[in-house]
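These are the residues of each chain, in order.
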Amino acid sequence: MQFIDQARIAVQGGRGGDGIVAFRREKYVPAGGPSGGDGGHGGAIWLQADPNLQTLLDFKYKRLFAAPEGRRGGPNRSSGAGGDDLVVRVPCGTEVRDQDSLALLGDLTEPGDRLRVAAGGRGGLGNAHYLSNRNRAPEKFTEGKDGESRQIQLELKLLAEVGIIGLPNAGKSTLISVLSAAKPKIADYPFTTLVPNLGVVRRPSGDGTVFADIPGLIAGAALGAGLGHDFLRHIERTRLLVHLVDVSSPDVVADLEVVQAELEAYGHGLKDRPRLLALNKIELVDDEALDLARQALENRWGAEVRLISAATRQGLDSLLAAVWEQLGIS
Ligand SMILES: Nc1nc2c(ncn2[C@@H]2O[C@H](COP(=O)(O)OP(=O)(O)OP(=O)(O)O)[C@@H](O)[C@H]2O)c(=O)[nH]1
Ligand SMILES: [Mg+2]
């Protein structure tokens, strides 16, 4: 499913270096002419699309980008060094707007696409520029100009790669809340979640993958019962499902089957989507009950059933490891 990731950042081009006032002092040249050099340009700020980034997560932490200043001019008409441009990497598909006018400044879609978001300031002029017949020894110079400074808004339409599914109350929202910075409503009644919650979960590499927690599915969801149908549509484009079953339920196999039947009825290949099955709330039952539930579920499911507690965080590392493995991410 798609959602919008947004970030606001401030960008500031470097100030230009000042021009200077200097005069030539050379042997055998009694009155040397003006020789003050120009200041260097300030660095500009560019955004560049980078296919290795998937989210705007990094901009939650760093929000101000300033390019280096140009250097002052030197004697002997030497110009000051320009400030280096600063290149800020953004994910492919990032739209860039001016925050005040909301005007679209650019859309960075292809890897390597670049957009200048703040120009560096021009360097000032040294006094060598002001030599004239009337003034053989000008003292005039100009200061460097400030770089362009503005607030911009980045917007990325993201695709959730992982969908969390299960019956109402299985703990889906709790899971996304402990894995990501998402703060969904969590409560001990069915259909707490009315619209999908999205959270960005950090991968081992540091970048993020988007998880979606959808409202609970109940029997008939595919036909429109409860809230599920609308949201099954949203998980159609995920690459992996994490299916939670509440271990404290009276019949975990029946719980699995209800959701299974809804995925089958919905079609669109959802039932064949790679899926990790996990028993949640394992800290609520003793070892024996846990073993029974797991056995029963594995017999029906035919593959490994993972044991987790979103509340105590038990088993979450290994669940995530399995997620990364399934997605081919390390
Ligand atoms: N003891 C225990 N309680 C849990 C655990 N995970 C979730 N819960 C509780 O289970 C209840 C339901 O949790 P939610 O995260 O809202 O469940 P949900 O699957 O998102 O529910 P819906 O949005 O209604 O579909 C809440 O009271 C949670 O605190 C767990 O690992 N252990
Ligand atoms: Mg919920």
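Keep in mind that this is a model prediction, so the values were computed, not measured. (Residues numbered from 1 in each chain as written. Chains lettered and ligands numbered in written order. Predicted model: local features only at pLDDT ≥ 70, side-chain atom pairs only at ≥ 80, totals over all residues.)

Overview of the site of ligand 1
Part 1 of the argument: In the vicinity of ligand 1 there are 24 residues, among which G171, S173, T193, G216 and A311 approach most closely.
Part 2 of the argument: Considering every element that reaches the shell around ligand 1, the biggest residue donor is helix 1 (residues 172–179), with three residues.
Part 3 of the argument: Looking at side-chain class alone, the shell around ligand 1 contains 10 nonpolar, 10 polar and four charged residues. (Near = placed C-beta within 6 Å. Helix = DSSP H or I, 4+ residues; strand = E, 2+ residues; numbered from the N terminus. Nonpolar A, V, L, I, M, F, W, Y, C, P; charged D, E, K, R; others polar.)

A few points about the domain arrangement of the chain
Part 1 of the argument: Once the domains are mapped, the chain shows domain 1 (2–157) and domain 2 (160–327).
Part 2 of the argument: Using C-alpha coordinates to define each centre, domain 1 is positioned 49 Å away from domain 2.
Part 3 of the argument: Taken together, the contacts link five residues of domain 1 with six residues of domain 2.
Part 4 of the argument: In terms of residue class, the side of domain 1 that touches domain 2 is built from three nonpolar, two polar and no charged. (Domains from an automatic or database assignment. Contact = placed C-beta atoms within 7 Å.)

As for helix 3 (residues 252–266)
Part 1 of the argument: Between the first and last C-alpha of helix 3 there are 22 Å, a value that for 15 residues agrees with the 21 Å anticipated at 1.5 Å per step.
Part 2 of the argument: Turning to helix 3, its buried residues are V252, D255, L256, V259, E262, L263 and Y266. What you see down the axis of helix 3 is that its buried residues fit within an arc of 130°, all on one side. Of the exposed residues in helix 3, the ones pointing more than 90 degrees away from its buried face are A254 and E264.
Part 3 of the argument: The first or second residue beyond helix 3 is G267, which carries a positive phi of 80°. (Expected span 1.5 Å × (residues − 1). Buried ≥ 20, exposed ≤ 12 C-beta atoms within 10 Å, placed from the backbone. Arc of directions from axis to C-beta.)

Looking at the sheet that holds strand 7 (residues 114–118)
Part 1 of the argument: The three strands are arranged 4-2-7 in an open sheet whose pairing can be described as mixed. Two strands bound the open sheet, and with one partner strand each, they are strand 4 (86–91) and strand 7. For this sheet, the mean inter-axis angle between neighbouring strands, taken without regard to orientation, is 30°. (Pairing = 2+ DSSP bridges. Axes fitted to C-alpha atoms, helices over the stretch in contact; angles between N-to-C directions.)

So, the sheet that holds strand 10 (residues 197–202)
Part 1 of the argument: The six strands are arranged 10-11-9-12-13-14 in an open sheet whose pairing can be described as mixed. Two strands in the sheet have a free side with no partner beyond their single neighbour: strand 10 and strand 14 (305–307). With strand direction ignored, the average angle separating the axes of adjacent strands in the sheet is 30°.
Part 2 of the argument: Sitting on the sheet, helix 5 (residues 316–327) touches strand 9 (162–166), strand 11 (208–213), strand 12 (240–246), strand 13 (275–280) and strand 14, and the angle it makes with strand 13 is about 170°.

Here's the deal with the nonpolar core
Part 1 of the argument: Counting 61 residues, the largest nonpolar core has F211, V245 and L279 as the members making the most contacts within it.
Part 2 of the argument: Both domains that meet at this core, namely domain 1 (2–157) and domain 2 (160–327), each give it at least three residues.
Part 3 of the argument: In this view, L279 contacts V245, V247, V252, A293, R294, L297, V305 and L307; residues no more than four positions away in its chain are not counted. (Core = buried A, V, L, I, M, F, W, Y, C linked by C-beta atoms within 7 Å.)

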